[in-house]
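# Secondary and tertiary structure notes
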Amino acid sequence: MTQLDERPVAATDPATDPTSDPAQTWLDSLQAAFAARDVGAATAHFATTCFWRDLVAFSWNITTVEDRPGVVELLSATLDRVDPTDLRLSEPSSSEDGVRTAWFEFATAVGRGRGLVRLVVDDATGREVAWTFLTTLFELSGREEPRGTRRPMGAEHGANRERVTWAERRAAEEAALGTETQPYVLVIGGGQGGIALGARLRQLGVPSLVIDKHARPGDQWRNRYKSLCLHDPVWYDHLPYLKFPDNWPVFAPKDKVGDWLEFYTRVMEVPYWSSTVATSASFDEAAGEWRVEIEREGRPLVLRPTHLVLATGMSGKPNVPVIPGQDVFAGEQHHSSQHPGPDAYAGKRVVVIGSNNSAFDICGALWETGADVTMVQRSSTHIVKSDSLMEIGLGDLYSERALAAGMSTEKADLVFASLPYRIMHEFQIPLYERMRERDADFYARLEAAGFDLDWGDDGSGLFMKYLRRGSGYYIDVGAAELVADGEVKLARGQVDHLTEDAVVLADGTTLPADLVVYATGYGSMNGWAADLISQEVADRVGKVWGLGSDTTKDPGPWEGEQRNMWKPTQQPNLWFHGGNLHQSRHYSLYLALQLTARHAGMATPVFGLQEVHHLR
Ligand SMILES: Cc1cc2nc3c(=O)[nH]c(=O)nc-3n(C[C@H](O)[C@H](O)[C@H](O)COP(=O)(O)OP(=O)(O)OC[C@H]3O[C@@H](n4cnc5c(N)ncnc54)[C@H](O)[C@@H]3O)c2cc1C
C-alpha cells in the first residue's frame, strides 16, 4: 500500500508474505498478550524507554504515555474495554539505522484503527521492542462514513408521488435547525477549523451547526492584510475529503483561501450560519446541555446543544498592548489584524511594533508601496527562509517529492503524529542546524543589521516554537532581506510611550510616526471561554495550547500533548479546536470521532484527563 487515505485499506500487499515479516511476528506476539489480557507480557514488547501516543483508540483522549510504567498504566485501565484484535501490517516493514518501521491496522471493540510502530533491538534480550508506538482510531463500527462503497445513491430511482428532492430536503433541514431541531454539537467559529470539523461531523451523521460572525465563510482570511499569502505550502494545507486541485498555487493568496473555504462549506453541506454571533453560553448541568445565546443577523435566539466546540481561533483574539500616550497620539494606530494593507500609506512614516510573521509581512508590503517603515523588535525572533524550510523541514512529508515517493497527506500526518512530543525537538534540531548552515550568509547580514535572532530555547526551530507557544517566528518570504539591508529600519527595545507624533522607546529613541501597527500577536484561546462562558469555566479549563515544555511562554509541568486541544477538558462537554491547516485537518478527525461516539451513546471513559496547571 503506498497511498493511505481515510477509508479502510486493503489488509496487505498480496505480493509479499506478511507472516515472514519480523514486524508481523512482533504484532502477533503483542496480540497474543492482548488476548490473554496479560499486561505484563504486553508491556514486555516495549523498550524500557518508549513512547505510546494514542489518538482516541485506547484512551478516548489524545495522550502519550512514556516508558514501561506508562504502558502498564494505559493497558491496565483500557485493555479489557478496548479488546484490541486483528493487529496486522498494512505494508511490509522497513529498516534504517537500526530502527524497523511498520504501519499496521487493528480493530477495537468499537471501531478500527491504524498505527505506526518503530522497533529497536533490546540489547539485553536481542529481541525487537517498540520504541515509539502510535495508535489512532479512524472509524467507529456502525458509524462508518458514507464513502467509497458506502457512498449515497443521490438519485432515488423509481416512481414516487411523494418525491422530495435533494434541494427540498436540504431546505427543510435548514428551516428546522435551531428551532424544531437542536444541533447536538454547536461549533462557535467558522474559520478553517470550524469548517473542517463541521464537514466531518456531517459525514459522521452528527447533527451539528457551525456559526460565525462574519458575513461569508472565508471572511476570516479575506479580511486580513492585503498582501497575505499562506506561509505553509499547499501539500500541508489540504482540508479533509477534498484536496486542493494540483494546479493550486504553492502559497495560496488569502482571498483564494477565503473562496476555497466558502466553496468547501457549500459542497460539503456544512450546516453554517453566517452573520451569527454567540454572545453568551452556560452549561446546564442537570440537563447536560448548553444554553447558548446567539444573534443571527441581529435577531436573538437560544440554542441548546449538548456539546460546545470553541473554534474561535488561536489567532483571533488580538493582543493590543496598553501604552501610555496612545490617547494623545494624533496619527492612526491599529492591531495587525485590523491592518487594511499598504495602499493608503505611501510616503507615510509607519512604526510596526513586533518582529514576527505579521510584522514582517506588513513591513514588506508597506515598503513596496513606498512608506518609510521602522520595525520595533522587542524580543528575539526565529527566522527561517521559506525555501529552506520547504526543502529541509517539510520536503520529506509534504511536497511533490514526497508525493512522488508515495507519501500521501494522510500518511504524512500520521508520520508527523508518530513522533512523540517529548523527543520531537531532538529530530528538529539537526534540521535547523542544516538551515542555519545553508543560509549562514543571510543570518550574518541580519545580525550585522542588529537583528536579534533565536532558534528556539533549545535550537529546535519553528515547529517546536509553534507547538509550544504559537508565536515568535517568521517564515521569510523576502521581507527579512529588507531589514538586513536597512531598507526597513530596525529599532530594538521596549516601547515606553507614544507622543502626539512618535513612538518613544525605553532608551529614549524617538520614532516619528503617522501610523503605528501593533503586530503584537494574539491571546490564548482560554480567553474566549472567559468572554463567552465565564472566568470560572475558563479557569476550570486552564491554559489552552502548549506542551508544558518549560521553555519560554510554555510553562511546565510537562503535559506531552497540546493542552486542551481536541480532547476532553475539565469542563464537561466543552472542547477546543483550531490551529494551522494541517492541525485542523488531522485533529478534526479525532475530535469528530469523540463527539460521534457520544452522540451514538457509546461509553467513552477518558484515560488521563489532563490536569489544570495554568490559568491562561
Ligand atoms: C497573519 C496570519 C497568517 C497566518 N498564516 C498561516 C498559514 O500560512 N498557514 C496556516 O495553516 N495558518 C496560518 N495562520 C494561523 C491560523 O491557521 C489561522 O489563524 C487560521 O485562520 C486559524 O483558523 P481557525 O478556524 O482556528 O480560526 P479563525 O480563522 O480565526 O476563525 C475563528 C472564527 O471564529 C469567529 N468567532 C469568534 N468569536 C465568535 C463568536 N462569539 N461568535 C461567532 N463567531 C465567532 C470569528 O469570526 C472567526 O471567523 C496565520 C494566522 C495569521 C494571523
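Structural data are supplied above this passage.
Residues numbered from 1 in each chain as written. Predicted model: local features only at pLDDT ≥ 70, side-chain atom pairs only at ≥ 80, totals over all residues. Heavy atoms only, no water.

## Comments concerning the site of the ligand
Our working definition: Nearness is defined per residue: one heavy atom within 4 Å of the molecule or strand is enough. Polar contact criterion, stated in full: a pair of N or O atoms within 3.5 Å, where within protein one must be able to donate a hydrogen and the other to accept it, and residues adjacent in sequence count only if both atoms are side-chain atoms. Accessible areas in this description were obtained via Shrake-Rupley with a 1.4 Å probe; residue shielding takes into account the shown protein chains only. The numbering of helices and of strands both runs from the N terminus, where a helix is a DSSP run of H or I of at least 4 residues and a strand a run of E of at least 2. Only Asp, Glu, Lys and Arg are considered charged in this grouping, and only Ala, Val, Leu, Ile, Met, Phe, Trp, Tyr, Cys and Pro are considered nonpolar; every other residue, Gly among them, is considered polar.
Neighbouring residues of the ligand: 30 residues in total, closest Gly193, Asp212, Gln220, His231 and Leu581. Between the ligand and Gly193 there is a distance of 2.8 Å, counted from an oxygen atom to a backbone nitrogen or oxygen. Separating an oxygen atom of the ligand from a backbone N or O atom of Gly579 is a distance of 3.4 Å. About the coverage of the ligand: the protein hides 93% of its 970 Å² of free accessible area. Looking at the shell around the ligand, the element that brings in the most residues is strand S11 (residues 276-284), giving three residues. A class-by-class count of the residues in the shell around the ligand yields eleven nonpolar, 15 polar and four charged.

## Remarks on the environment of Gly178
Spelled out, the test is: Type-normalised accessible area, obtained with a 1.4 Å probe on protein chains alone, sets the label of each residue: buried when under 20%, exposed when over 50%, and partly exposed for intermediate values.
Residue placement: Gly178 occurs in the loop between helix H4 (166-176) and strand S8 (185-188). Exposure remark for Gly178: the relative accessible area of 4% places this residue in the buried category. For the pair Gly178 and Leu303, spaced 125 residues apart in the sequence, the C-alpha separation amounts to 6.2 Å.

## Digging into the side chain of Thr135
As a reminder, the rule being used: The contact criterion used throughout is that any non-hydrogen atoms of two residues lie within 4.5 Å.
Looking at the secondary structure, you find Thr135 in strand S7 (residues 128-140). Accessibility expressed as a relative area gives 1% for Thr135, which makes it buried. A polar contact of 2.7 Å, which involves the side chain of Thr135, links it to the side chain of Asp54. Discounting residues that sit within four places of it in the chain, Thr135 has contacts with Trp52, Arg53, Asp54, Leu55, Ala57, Phe58, Phe104, Phe106, Arg114 and Gly115.

## What about the environment of Thr409?
Turning to its location among the elements, Thr409 is positioned in helix H12 (residues 409-418). With 55 residues separating them in the primary sequence, Thr409 and Met464 have C-alpha atoms 20 Å apart. Ignoring sequence-local partners within four residues, the contact set of Thr409 consists of Trp235, His238, Lys243, Tyr398 and Arg585.

## Comments concerning the pattern of salt bridges
To keep it simple, the criterion reads: Any Lys or Arg side-chain nitrogen found within 4 Å of a carboxyl oxygen on Asp or Glu counts as a salt bridge.
Considering all chains together, one arrives at 41 salt bridges under this definition. The shortest N-O distance in the salt bridge between Arg585 and Asp413 comes to 2.8 Å. Of this pair, Arg585 sits in helix H19 (residues 581-599) while Asp413 sits in helix H12, placing them 172 residues apart in sequence. The burial state of Arg585 is the same as that of Asp413; both residues are buried. Measuring nitrogen to oxygen at the nearest pair gives 3.9 Å for the salt bridge that ties Asp452 to Arg492. Of the two residues, Asp452 sits in the loop between helix H14 (440-448) and helix H15 (461-468) while Arg492 sits in strand S20 (residues 489-492), which places them 40 residues apart along the sequence. Among the residues examined, Arg492 registers a relative accessible area of 44% and is labelled partly exposed. Three or more residues are tied together by salt bridges with common partners; here these are Arg170, Glu173, Glu174, Arg202 and Glu269.

## A word on the nonpolar core
We apply this condition: To qualify as a nonpolar core, a set must consist of buried Ala, Val, Leu, Ile, Met, Phe, Trp, Tyr and Cys residues joined through side-chain atoms within 4.5 Å.
Leu308 and Val352 are the most contacted members of the largest nonpolar core, which totals 168 residues. In terms of residues, this core owes the most to one element, H19, which gives nine residues. The next biggest cluster of nonpolar side chains, apart from the first, holds 14 residues, and it includes Ile353, Ala491, Leu505 and Ala513.

## Side note on the packing of helix H5 (residues 192-203) against H19
In plain terms, the rule: All axes are obtained by fitting lines to C-alpha atoms, using only the stretch in contact for helices, and the reported angles, taken between N-to-C directions, cover 0 to 180 degrees. Roughly parallel covers angles under 35 degrees, roughly antiparallel covers those over 145, roughly perpendicular covers 65 to 115, and oblique covers all other angles. Two helices cross in a left-handed way if the nearer one is turned anticlockwise from the farther one by less than a right angle. They cross in a right-handed way if the turn is clockwise.
At a closest axis distance of 8 Å, the pairing of H5 and H19 adopts a crossing angle of 40°. Between H5 and H19, the crossing angle belongs to the class labelled oblique. Crossing of H5 against H19: the hand is right-handed. Residues Gln192, Gly193, Ala196, Leu197, Arg200 and Leu201 of H5 pack against Leu581, Ser584, Arg585, Ser588, Leu589, Leu591, Ala592, Leu595 and Thr596 of H19. Grouping the constituent residues of the contact of H5 with H19 by class yields eight nonpolar, five polar and two charged.

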